[in-house]
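Fold and contact review
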Amino acid sequence: MGRHFKLADAALLLLATSDVATSALQRITISGGSFMLGNASVLPLGGNYVMKAPPYFPDRDVVMRDAKHIAAGAAAMKYKPSNGRMVVPVVRLGALFEGFMPNAAYDIDGTWQKKLEETVKTFADEGVYVFLDVHQDGFSTTNGGEGIPWWLTAKMQETASSVPDCWTCSTSDSYITSPDHPLDVVFPDSIRKALEDLHVSIPEVQIVNGTNPWLAYSVGGNNGDP
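Each residue is numbered by its place in its chain's sequence as written, counting from 1. In keeping with the predicted nature of the model, local features appear solely for residues at pLDDT of at least 70, side-chain atom pairs appear and are counted solely at 80 or more, and the whole-chain, interface and lining totals rest on all residues. Based on all heavy atoms of the structure, the side-chain values leave hydrogens and waters out of the count.

A covalent bond between the sulfur atoms of two cysteines is what we call a disulfide. Only a pair of cysteine sulfur atoms within 2.5 Å qualifies as a disulfide here. A complete count under the given rule lists 1 disulfide for this structure. Bridging Cys166 to Cys169, the disulfide has an S-S length of 2.0 Å. One quick way to see it: the torsion about the S-S bond of Cys166 and Cys169 is about 85°, and its sign makes the bridge right-handed. Judged on exposure class, the residue Cys166 and its partner Cys169 are both buried. In this scheme, a residue with accessible area under 20% of its type's maximum is buried, one over 50% is exposed, and one in between is partly exposed, where area comes from a 1.4 Å probe on protein chains only.

So this is what it looks like as C-alpha cells:
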C-alpha cells in the first residue's frame, strides 16, 4: 500500500483516572528512561484489557472486580524488581478508533467516551494504572479485524489513486476487502520465490460453494456489518 499508518501501541501512560475523574493516585511520569512515581522509580506490571467489539468496555461491576483482582495480585507478588523499584499494577486498556468515531470524522460517540472515562476511573479507584492502547488487528472491520473505523478505510479506497506525493498509488491498491479487492495471502517476493524453489505449495484464498470468503467483511459486497 502507498500509505503508511502507525498507531501508537501504547501512546501514553496515564494516571488511571486521566484528568476527567477524581482519585488520590499520583500520575506516573517518564524521566531518564525510567517510570517515576514522584521521586521513586517504579515498574508497571500487568496485562491486556481489550474488548475488540461493541460495547468496547465491560460493565463497571466487571471492571471493578477485575481491578481488585489485579491490585491484589500485584500486592501479593513474590517477584522483587531490581534497584529497589516498586511494582505498580497496570492494564493496557483498548481505546479503539472505531469505537471513538464509529460513523464519521469528528463524530465522537458520547456513550463510548463516557464508558472509557468510567472504566479508567474504576481502575484508578482500586489503585490500577492504565495504558491507553490505540489497538487494531487486521487493520479494520472491512478486513476481518478491528481498529480503524470502516468509513475511513472506505474513504482511503475511494481516494487510492490520489494520495499526495505518491507516484505509485493507483485504484488497484487495496485498503478495504470487497469483491473488487478480495482477501489474499501475502508473502514478500523473496519468501514466495524461496518456497516455490522448494516446491512448497503456497496457500490461496479459495471460493467454496460459490461463496466469496471475504463477503461477510465487505462494504462493497453489501453483505457485511462493518
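From this point, the narrative continues.
This next bit is on the nonpolar core. To define a nonpolar core, start from buried Ala, Val, Leu, Ile, Met, Phe, Trp, Tyr and Cys residues and group those joined through side-chain atoms within 4.5 Å. Ranked by internal contacts, the top residues of the largest apolar core, which has 16 residues, are Leu93 and Phe123. Strands are runs of DSSP state E lasting at least 2 residues, helices are runs of H or I lasting at least 4, and numbering of each runs from the N terminus. Of all elements in the fold, only helix H1 (60-76), strand E5 (86-94) and helix H3 (110-125) reach the threshold of two or more residues within this core. Ranked by residues supplied to this core, first place goes to H3 with 4 residues.

All right, on to unusual backbone geometry then. Here the bond from Pro54 into Pro55 is cis, since omega is 5°, no more than 30 degrees from zero. With respect to the secondary-structure elements, Pro55 resides in the loop between strand E4 (40-49) and H1. Residue Asn83 is not a glycine yet carries a positive backbone phi of 60°. Considering the arrangement of structural elements, one finds Asn83 in the loop between H1 and E5. Positive phi, close to 70°, is recorded for Tyr106, a residue that is not glycine.

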